[in-house]
Structure formats: structure tokens, C-alpha cells
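Descriptive analysis of the structure
Letter by letter, the chains look like this.
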Amino acid sequence: MPNDLRSRNLAKATSAFLNNDVDGSIAAHNLNLKRSIDDEPHRSNTIKKENKFIKTIIASGTQGLIVSCIVLVLLVSGFSHDLLTDSNGYNFIVVIIVEVVLATALATSFVEYMNKRSAIEFYHSEKKRETWEYDNFVEGERAEMVELYVEKGMTQNDADQVVTLLSKYKDLFIDVMMAEELQLISPDHVSPLETAFSTFLSYSFMGLLPILPLIVSFTWPGSIENVVAFRLGVILTATALLFFGYLKSFFTSITWWQIMIANVFNGLFGIGSAYLLRWGISSFFPSLAFPPFFPHSGNVG
């Protein structure tokens, strides 16, 4: 089925849910067309088919944005107010942020790689155990599933029938046991390397986005005034947070504009917290406010 038709089904199903429109939901699911379960009008199917990396991109990109802005705020607030008009201090800020963003992008990518690898290895080790138990004592596995379904509200007789039928199909029954008994779903749709690569690219690009105008000004002196470049960075950051908020709306039934506002607030909260923390430390512990290699002056060098 063409992708645009699935999108229309998705829109109808979502609209029907938000408006408690039962007839609309039936219409969205029943268009008298032959289609597979993957074509059903649900957000999970749309996202799974169209971009399996989108969650990683949103999470790591947002993190890179906020970290970059936090570092920028901490550095700028640690110097005199004329920092951005001083070439040495300005260049120092750009270099430090680029280094921090790239270093944390690498570290985050490695952590995501190990997390993904661990999740996959754990899933397959548990699936191997369930397969062994099925091969050697399927009656015990049936009894566990019957007990589970009875706890969820099935009658004993219905649970016996359902489990007996399911257990005739080995691969299906093992997948059901993994999901129902162990609450484990296969994480194989994205490999550890793919996860790490998409994390690094998203984190790096979005982390450098707030200082992109500063980098341009740093690379080609005089092309953009420093203060103007800083303001452009603020606009780019807000725009990126709004865009990621819009993308997040595909994972929830909350309206897109609410998610966009919440995402911007999340960024402002992190940046504001960093500023308040720096202010608090400098106020209550003056000797700890600026390390010796951070001269409290607009002239750095």
C-alpha cells in the first residue's frame, strides 16, 4: 500500500481517538482494502517503517543542543559582559565548545553502543533459555502461560485453549513468552553500530548548531559580528527545540504544539539551571567560581 494512504489512515485514527469518535476509528481501520498488519494506521507502524533511527536522533540531538548551550552559558557568564566583543575570549569560547561537544558525542555514542549491545545480548540469552525450556519441557511453559493469562482475567478453560493452540507454533509461542512473561521485545531492528553512528551524528550536528554562526564568524573574521552571531545561535537553538518537539508528537497523543512548548521549556530549564548553579557557586564559594585557567576578564590569551 502506498505510504501516503497509510499516512491518511494514521491521521484518521489519531483524530478519531482524540475526539472519541468510534465510527471514525472503525472507518480508519476498515477501508475494504487488502493490507498486512504493518499497514494498520498506528503511529508505531508509521515510525517503524519510515525511520527506525528517529527516537535516537531526537534524544541525542536534544541532549547535544542542551549541553552545548549549557557550556556556552557557563563560559560566557564566567567572564565579563564584553566577552563577545573580545576576539581572544570569543575564540576561546568557540574552541572549548567544539571540543566539549565532539568529546561528549563520542562518549555518548559509546555508551549507547554498549547499552544496545547489552540489550540485544540479554534478549537473545533469555530467548535461548526459553527455547531450551520449550524443547525439553513444553508442559511447564504452557502451565506458566496459562497462569499468566488467568491472572490477567481469562478463565481457566479459555487460557488452556489459547495456550494449547499457541504452543503448537514454536517460534510464535516463544516470542509470546518473551513478551508476556519476561516483558522483552526484540531490540534487533537497530544494530549497536547503527545506534552509535546515528547518536554521534545527531549529537554532534545539533550540539554545534547553537554556535554555528559563531564558528562562521571565527573561521571568517568580520563576516558576522560576534554579538549578532550569538543572537543567531539563540534563534537556531529555539528553532531546533521546536522542531524536535514536533517530531516527538509522533510518539504521543498529546497535541504537537504542547510538545513543542514543553521541549523548549525543557531546554530553558536546563540552561537556566546551569546559570543559577554557576551564580550560586560564585556567590557562596567565590574561590571555586573560576579555576585558575579561567581568567575573569574579557581578555583571554
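These lines cover the structure that appears in this document, whether it is placed above or below.

Cut-offs and rules
Residues numbered from 1 in each chain as written. Predicted model: local features only at pLDDT ≥ 70, side-chain atom pairs only at ≥ 80, totals over all residues. Heavy atoms only, no water. 1 Å grid on protein atoms, 1.4 Å probe; cavity = no way out; pocket = protein on both sides within 12 Å on 5 of 7 lines; lining within 4 Å. Points joined across faces, edges and corners; volume = space filled by probe spheres on them. Helix = DSSP H or I, 4+ residues; strand = E, 2+ residues; numbered from the N terminus. Buried < 20%, exposed > 50% of the residue type's maximum accessible area, 1.4 Å probe, protein only. Axes fitted to C-alpha atoms, helices over the stretch in contact; angles between N-to-C directions. Left-handed = near helix turned anticlockwise from the far one by under 90°. Contact = heavy atoms within 4.5 Å. Nonpolar A, V, L, I, M, F, W, Y, C, P; charged D, E, K, R; others polar. Parallel < 35°, antiparallel > 145°, perpendicular 65-115°, else oblique. Patch = residues over 30% accessible without salt bridge, like charges linked within 9 Å, V, L, I, M, F, W, Y side chains within 5 Å. Areas by Shrake-Rupley, 256 points an atom, 1.4 Å probe, with all protein chains shown as cover. Salt bridge = Lys/Arg side-chain N within 4 Å of Asp/Glu carboxyl O. Polar contact = N/O pair within 3.5 Å; in protein donor to acceptor, adjacent residues only side chain to side chain. Core = buried A, V, L, I, M, F, W, Y, C linked by side-chain atoms within 4.5 Å.

**Regarding the layout of surface pockets**
With a probe scaled to a water molecule rolled over the atoms, the places where space remains empty come into view. The volume enclosed by the second largest pocket comes to roughly 250 Å³. In terms of lining residues, the second largest pocket is bounded by 15 residues, among which Cys69, Val73, Val234, Thr237 and Ile271 are the most central. Mapped onto the lining of the second largest pocket, the elements with two or more residues apiece are helix 4 (54-77), helix 10 (226-248) and helix 11 (256-284). Sort the elements by how many residues they give to the lining of the second largest pocket and helix 10 lands first, with 6 residues.

**Brief notes about unusual backbone geometry**
Unlike most non-glycine residues, Gln183 shows phi in positive territory, near 55°. Here Gln183 shows up in the loop between helix 7 (170-180) and helix 8 (192-208). Residue classification places Gln183 among the exposed residues on the basis of a relative accessible area of 58%.

**A short note on the packing of helix 4 against helix 8**
As a packed pair, helix 4 and helix 8 sit with axes 7 Å apart at the nearest point and diverge in direction by 35°. The element helix 4 and its partner helix 8 pack so that their crossing is right-handed. In this structure, helix 4 contributes Thr56, Ile57, Ser60, Gly61, Gln63, Gly64, Leu65, Val67 and Ser68 to the contact, and helix 8 contributes Thr195, Ser198, Thr199, Ser202, Tyr203, Met206 and Gly207. Taken together, the residues of the contact of helix 4 with helix 8 break down into 5 nonpolar, 11 polar and no charged.

**Some remarks on the packing of helix 4 against helix 11**
Their axes nearest at 9 Å, the elements helix 4 and helix 11 cross at an angle of 30°. Relative to helix 11, the element helix 4 lies roughly parallel. As helix 4 runs across helix 11, the sense of the crossing is right-handed. Each of Thr62, Ile66, Cys69, Ile70, Val73, Leu74 and Ser77 in helix 4 lies in contact with helix 11, whose residues at this interface are Asn263, Asn266, Gly267, Gly270, Ile271, Ala274, Tyr275 and Arg278. Residues belonging to the contact of helix 4 with helix 11 are distributed by class as follows: 8 nonpolar, 6 polar and 1 charged.

**Re a nonpolar patch on the surface**
Nonpolar side chains collect at one region of the surface, where Phe243, Tyr246, Trp256, Trp257 and Ile261 lie side by side and expose about 580 Å² of accessible area between them. Contributions of two or more residues to the nonpolar patch are made by helix 10 and helix 11. Ranked by residues supplied to the nonpolar patch, first place goes to helix 11 with 3 residues. The topology assignment puts Phe243 in helix 10. Classification of Phe243 as partly exposed rests on a relative accessible area of 49%.

**Brief notes about the side chain of Ser204**
Among the secondary structure elements, Ser204 is positioned in helix 8. A distance of 2.8 Å separates the side chain of Ser204 from the backbone oxygen of Phe200, its partner in a polar contact. Residue contacts for Ser204: discarding those within four places in its chain leaves Val101, Leu102 and Ala105.

**Some words on the nonpolar core**
Of all hydrophobic cores here, the largest spans 16 residues; its most connected members are Met145, Tyr149, Val163 and Phe173. For this core, the elements supplying multiple residues, two or more each, are helix 5 (87-151), helix 6 (156-166) and helix 7. In terms of residues, this core owes the most to one element, helix 5, which gives 7 residues. Excluding anything up to four places from it in sequence, Val163 contacts Arg142, Met145, Val146, Tyr149 and Phe173. Counting residues in each nonpolar core, the second largest holds 13 residues, with Val71, Val101, Tyr203 and Leu214 among its members.

These values are about where atoms sit, not about what they do.
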